Amino acid sequence: MAANRLENLLNWAKKHDVQIPEGLRYYSDELMGLSCVAEKDILSAQFSIPSSIIITGELARKHFGAKTSLNTWLKFLLAKMKFGEEAIIVDGEDIKEKFAPYLDCLPDSIDTPIVWNPSELQLLKSTNLGSSLRDKLYLIFKEWKHVALALDICNELISDEISICDHFMELSDEEVYEKITSQVFGNDQFPWFSFRAFLWAHLIFLSRAFPEYVLNPSTDTSKIMLLPVIDLLNHNYNAKVEWLRLDDSFCVRCLMPLSKGQEVLNNYGGKGNEELLTGYGFVMENNVFDTVALRIKLPTDTIANILQNEDIVLPTLTDYTRFAFEDGKETHKSSKDVTDFEDGVLYLISKENDISLSQLLDLFAFVEKNSNESRTSLRAQLQGLQKLRLALEYKLDTISVGPETSSNSYPIKPYRKFCADVYRKSQRHILKHNINSLKRIEKEWTSTHKSRLVTVKKILKADSTFFEEDVPNLFGGNLDVTFTSYNHILMLWIIWRSKNSTCSQLPRRYNWVFEAFKLFNDQYHSDILITPETRDLYKSLFPNGSEKICIDEVAIASSFISSNSYTRISNDESILVQT
Ligand SMILES: C[S@@+](CC[C@H](N)C(=O)[O-])C[C@H]1O[C@@H](n2cnc3c(N)ncnc32)[C@H](O)[C@@H]1O
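Every chain begins its residue count from 1, and numbering advances along the sequence as written. For this predicted model, a pLDDT threshold of at least 70 governs which residues receive local features, and a threshold of 80 or more governs which side-chain atom pairs are given and counted, while totals over whole chains, interfaces and linings are taken from all residues.

A.B. asks: Now, about the domain arrangement of the protein: what can you tell me, with residues and values included?
C.D. replies: What the domain assignment lists for the protein is domain 1 (3-53 + 227-280), domain 2 (57-210), domain 3 (291-448) and domain 4 (452-577). For domain 3 and domain 4, the distance between their C-alpha centroids amounts to 36 Å. By the convention adopted here, residues are in contact when the distance between their C-beta atoms, placed from the backbone, does not exceed 7 Å. On the side of domain 4, nine residues touch domain 3, which itself brings nine residues to the contact. The secondary structure listing takes helices from DSSP runs of H or I that are at least 4 residues long and strands from runs of E that are at least 2 residues long, numbered from the N terminus. Here the element with the most residues in the side of domain 3 that touches domain 4 is helix α14 (residues 378-400); it accounts for seven residues. Residue composition of the side of domain 3 that touches domain 4, by class: three nonpolar, four polar and two charged. Throughout the structure description, domain borders are defined by an automatic or database domain assignment. Residue type decides the class: Asp, Glu, Lys and Arg count as charged, Ala, Val, Leu, Ile, Met, Phe, Trp, Tyr, Cys and Pro as nonpolar, and the leftover types, Gly among them, as polar.

Here it is, written out as structure tokens:
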């Protein structure tokens, strides 16, 4: 950034009565862009900017006559101020000229992955962010198209870009980059109404807009505005600042004294790295607000059932969004219906607390429960826990696979690689942390309910006769029978011990298994179907058939086990749970 542009901006700000505390110096930092530092100790610093030089939707309303989608029109207005050639008169003033020193100081580039080249995008492959970028860009494209069509400008370029928009999801990363994103921060000039100009304006707003309601409390919380000079402060979530309206000005007040040499920082709010990187083009290491988003699509009737009957939290994006910068809709509402879940349920897990994890456990127990169980049954809870752990481990594995190096490589900006590495690493840490929490919870539950669980290991201890005498006997005197699955042992044990009343020799704590199996058998025996899987299983156990155990018994015991056990994923073992 040329020093004279910064100086022009500061002189302009002074002329327009922007209040900047004494003893501050603005400078250009290679990494953070324009930044501000205290040159002496300052007890209380306060910045203020009069509303006459705040860029709000009101300017767009006046200039374009827009009544709705003011955020979108405001982006068009900014694009027009930057790329248009004519004066833009609002209330008798040329706002293009008025804000020129501010426009000159807007960043030459933002490191948001929305504009990364295909090789840089590879660095985010298999991450939530990497997978959502195309959709994000498409949403911006559609937002542009909606208003571009209403502009009533007859221009070939608009028709060309609309046609790109209509086929946008079919384009390759290379095509998107070459046709659109590479140009946004290039030196090219394009018409102010083009999508590239709009995308530039969108990214400027995304990285430096403030919510207008601080200035106009009665306004919609999604409305955005630009605050020249105030928006030069960089972010740290530890910065103690207050945003307020004083008279007709917007103020940022530092709530802690500044020491000489200290950077003066704003606080953009508790944002995780995914939001910081997408919106602002940077990440913070060890970011306590970092989360991993888990989006779960559920059938409509499951959602309806939960909403009606269950006390399960089903969050959606709107629960996490404070200012819906994207579309300007007021999205918060107190109660939800099935239509709110078209994009699925969205849980944000973190390292800082287990709230989302426990909400997920409730949901997974509900999804895993049998028709005759409640979601609070121990079996459903343990089964839900295993399924959740499996989902997290799968996600961790996916993220852990490194990016592919593509043959047609573009140069990778080292800072972008750094951002991708920090983001990926933190996603992995959060997943590992939550997997460990699940392991801990599983340990607690299984130890509290030890007496209600039957594992093969326990059977081995309690019923050595079964292994030493009955198993060889079942397999024609073979003393060295090997099983490929714990479940086969469990199944044979249940069948054999319930047929041979020898189970009375077993400790009484196992009686419930045979009582439950008898009930199950009485209830379902006539309904049991011999599936091809049962035939395969029977054949694998008894290639030459068996006189002692028949296929019907195998079918009913398998079915009993699946309704009365959960499967521990670490060794794929079914563990019986007493109801
Ligand atoms: C509101 S602006 C702040 C002023 C900005 N430095 C400029 O040059 O205009 C937000 C931008 O500042 C940069 N930024 C803010 N805080 C940062 C941080 N903690 N680390 C790295 N970059 C940061 C990012 O480029 C971000 O898009």
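A.B. asks: Lay out helix α18 (residues 486-499) with the relevant residues and their values.
C.D. replies: Taking 1.5 Å per residue, 14 residues should reach 20 Å; α18 reaches 20 Å between its end C-alpha atoms and fits that length. Within the sequence span of α18, burial applies to N487, L490, M491, L492, W493, I494, I495, W496 and R497. Elements in contact with the buried residues of α18: α16 (456-462), α17 (464-474), α19 (511-524), α21 (551-564) and β16 (573-577). A helix is expected to span 1.5 Å multiplied by its residue count minus one. The exposure scheme places C-beta atoms from the backbone and then counts, for each residue, the other C-beta atoms within 10 Å of its own, assigning buried at 20 or more, exposed at 12 or fewer, and partly exposed in between.

A.B. asks: Residues and numbers for the environment of R535, please.
C.D. replies: By secondary structure assignment, the location of R535 is in helix α20 (residues 532-541). Given 13 C-beta atoms within a 10 Å radius, R535 is considered partly exposed. For the pair R535 and V367, spaced 168 residues apart in sequence, the C-alpha separation works out to 29 Å.

A.B. asks: So what's going on with the sheet that holds strand β15 (residues 565-568)? Which residues, and what values?
C.D. replies: Any two strands between which DSSP finds at least two bridges are classified as paired. Strand order in the open sheet formed by three strands is β14-β16-β15, with antiparallel pairing between adjacent strands. Both edges of this open sheet fall to β14 (453-454) and β15, since each of them pairs with a single strand only. Taken together, the four bridges between β15 and β16 define a ladder with antiparallel strand orientation. Paired with Y566 across the bridge in β16 is I575.

A.B. asks: Which residues make up helix α10 (residues 195-208), and what values do they have?
C.D. replies: Owing to its 3.6 residues per turn, the α-helix brings residues three or four apart onto one side. The terminal C-alpha atoms of α10, which comprises 14 residues, lie 20 Å apart, in line with the 20 Å expected from a rise of 1.5 Å per residue. Burial of α10 is extensive: 14 of the 14 residues sit out of reach of the surface.

A.B. asks: So what's going on with the site of the ligand? Which residues, and what values?
C.D. replies: We call a residue near a molecule or strand when the C-beta position, derived from backbone atoms, sits within 6 Å of it. Close to the ligand lie 17 residues, the nearest being G33, L34, R208, N234 and F282. Elements supplying a minimum of two residues to the shell around the ligand: β2 (33-38), α10 and β8 (234-235). It is β2 that provides the largest number of residues to the shell around the ligand, a total of three residues. For the shell around the ligand, a count of residues per class yields eight nonpolar, seven polar and two charged. Both of domain 1 (3-53 + 227-280) and domain 2 (57-210) provide at least three residues apiece to the shell around the ligand.

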